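Structure at a glance
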Amino acid sequence: MKSYEVNFDGLVGPTHNYGGLSFGNVASQSNSQQHSNPKEAALQGLQKMKALMDMGFVQGVLAPQERPDVAALRNLGFSGTDAQVIQQAAKDAMPLLVASCSASSMWVANAATVSPSADTFDGRVHFTAANLNCKYHRSIEHPTTSRVLGAMFADAKHFAHHAALPAVAQFGDEGAANHTRFCREYGDAGVEFFVFGRSAFDPRYPAPQKYPARQTLEASQAVARLHGLKDDGVVYAQQNPAVIDAGVFHNDVIAVGNGEVLFYHEDAFLNTEQILAELQGKLGKLGGNLQSVCVPRAQVSVEDAVRSYLFNSQLLSRADGSMLLIVPEECRANERVWQYLQGLTAAGGLIREVKVFDLKQSMQNGGGPACLRLRVALNETELAAVNPGVIMTAPLYETLTQWVDKHYRDSLRESDLADPQLLLECRTALDELTQILKLGSVYPFQIN
Ligand SMILES: NCCC[C@H](NC(=O)CCC(=O)O)C(=O)O
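Attention in this report is confined to the structure presented alongside it. (Residues numbered from 1 in each chain as written. Predicted model: local features only at pLDDT ≥ 70, side-chain atom pairs only at ≥ 80, totals over all residues. Heavy atoms only, no water.)

1. Looking at the state of the cysteines
Quick reminder of the rule: When two cysteine sulfur atoms are found within 2.5 Å, that pair is recorded as a disulfide. The rule is simple: take the accessible area with a 1.4 Å probe, protein chains only, and divide by the maximum for that residue type; under 20% is buried, over 50% is exposed, in between is partly exposed.
Scanning the entire structure with this criterion turns up zero disulfides. You can see C426 has no disulfide; the closest cysteine sulfur is in C101, sitting 8.9 Å from it. Judged by its relative accessible area of 0%, C426 falls in the buried class.

2. Quick look at the environment of R184
Note the cut-off: Each helix is a run of DSSP H or I of at least 4 residues and each strand a run of E of at least 2, with the numbering of both proceeding from the N terminus. Contacts: residue pairs with any heavy atoms within 4.5 Å of one another.
Take R184: it is sitting in the loop between β6 (179–182) and β7 (191–196). Residues R184 and G259, 75 residues apart in the sequence, show an inter-C-alpha distance of 5.7 Å. Once residues lying within four places of it in the same chain are set aside, the contact partners of R184 are E260, L286, G287 and G288.

3. Let's talk about the packing of aromatic side chains
Note the cut-off: Only rings of Phe, Tyr and Trp enter the pairing, Trp through its six-membered ring, and a pair is recorded when the two centres are within 6.5 Å. The plane angle decides the type: under 30 degrees is stacked, over 60 is edge-to-face, the rest tilted. The rule for a charge over a ring is simple: NZ of Lys or CZ of Arg within 6 Å of the ring centre, and within 35 degrees of the ring normal.
If you walk through the whole model with that rule in mind, you get 15 aromatic pairs. On the numbers, 5.9 Å between centres and 5° between planes, the contact of Y443 with F445 is stacked. An aromatic cluster of at least three residues, connected via ring pairs, comprises F8, F127, F153 and F159. The ring of Y397 carries the charged tip of K50 above its face, separated from the ring centre by 5.4 Å.

4. Concerning the side chain of N251
Within the fold, N251 resides in the loop between α9 (241–244) and β9 (255–258). N251 sits in the buried class, given a relative accessible area of 1%. If we skip the residues at most four places from it in the chain, N251 touches A177, N178, T180, V195, Q239 and F269.

5. Here we look at the site of the ligand
Our working definition: Proximity is defined per residue: any heavy atom of the residue falling within 4 Å of a molecule or strand makes that residue near it. Pairs of N or O atoms are called polar contacts if they sit within 3.5 Å, as long as, within protein, a hydrogen donor faces a hydrogen acceptor (for residues adjacent in sequence, only side-chain-to-side-chain pairs). Throughout, the Shrake-Rupley method with a 1.4 Å probe supplies accessible areas, and for residues the shown protein chains are the sole cover considered. Residues are sorted three ways: Asp, Glu, Lys and Arg are charged, Ala, Val, Leu, Ile, Met, Phe, Trp, Tyr, Cys and Pro are nonpolar, and all the rest, Gly among them, are polar.
Close to the ligand lie 19 residues; L21, S22, S28, H137 and C371 are nearest. Between an oxygen atom of the ligand and a side-chain N or O atom of N25, the distance comes to 3.0 Å. Taken by itself the ligand offers 430 Å² of open surface, and the protein chains cover 100% of this. In terms of residue class, the shell around the ligand is made up of five nonpolar, twelve polar and two charged.

6. Remarks on the sheet that holds β6
Either a parallel or an antiparallel arrangement is found when strands of a sheet pair, and the pairing is made through backbone hydrogen bonds. Stated formally: Strands pair, by our definition, only if DSSP identifies at least two bridges between them. The angle between two axes is taken between their N-to-C directions and runs from 0 to 180 degrees, where each axis is a line fitted to C-alpha atoms and a helix contributes only its stretch in contact.
In spatial order, the strands read β6-β7-β8; together these three strands make up an open sheet with mixed pairing. If you trace the sheet from one side to the other, it starts and ends with β6 and β8 (234–238), each paired once. Mean inter-strand twist for the sheet, computed between neighbouring axes without regard to direction, equals 20°. Here β6 runs beside β7; their pairing, made up of four bridges, is antiparallel. Among the inter-strand pairings, H179 is bridged to a residue of β7, identified as F194. Docked against the sheet, helix α10 (residues 272–285) engages β6, β7 and β8, running at close to 170° with respect to β8.

Geometric values such as these leave the question of function open.
Put into structure tokens, the structure is as follows:
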């Protein structure tokens, strides 16, 4: 049976702003308080989706969330009408209002971890929503994420959904950003590669000193158990704590994998040799052959990797078996990274082409091409069971572009977040969006 890797991209929400909310994420911190342009952000994302669709890839859309999250503010003690809740928060606790307005759900690589049916105990595709509990503004995403994923992948015969792990740091889970899968064909059984930043229960593992390690080993293990993965189909690796302290807050800022290829930085992991041997051994048992492409620090420093987001790229398989790398403009702007990429595609390996996209609005908050997509490997039958409303087509692209033009502002700064009108604009836009994408009622304002 034919199988596909479908990229579901997060549509940027109407409140996209630079709140400086993510300690340890260099871009988020250094662009704090800049003016944002939500309209441009959403259009940049849509253009990437359209371009991939035009190249022949199956492309999907994942809806943004209702922001400001008034219910979350009520949970923190603000009361009155929705407008009063927002205004009271703006007056007494601006950082909480900013957090409740973040459009961070656009980075859907953090929405969930997904295991394809070929790997799981019951032959269904399994999803575990990520609790994202390292950052308050992200920890409020998972209830709506679960409803949206449920509306996209509704058929219980093919899709199984797990609630987010317990909301404590010991089970910190950031979803697919710390998860990669190696396989021959997407429909074949594969090896799922879980990368964690620290162990919460075993003090023998080292941990970063400066910035938080968002993903724990125990969270990754729990997800693997929930999905019913076999030990032979799983490899755990610890991220190098030194790179977390250099701004690599998720593994997808320092490594990306697809098919049988792992593209990674020399400093990405601890015990790299051992990890590669385990991956090669387990993939080998499945008839595969791991091809690792190591980027030496002498050519690209960790700092250049963080600044350019070289590894936050999408590594895509083309029909002829070769691969294409989708990178952000920032890679072209960095001389060393660009030179490396020229050499890589000329070397005759599997990665033959690089395509560059302008995603500056998202990049300034630390989200590159890979952050903006959730990969779901599906066979033909499963793809047919996905809600067709969320699969990108030329007419849907037109409709969504017009929808963005109609509802989004082209400038947003912190003081605008206190405007209750923004909430109404967001709800009006999302109400229309759920009809466009045929999601039914998924937002708090639609179900309460
Ligand atoms: N995978 C990319 C995630 C980027 C995200 N940035 C943010 O939430 C920044 C939001 C702000 O600062 O306004 C994060 O750090 O989790």
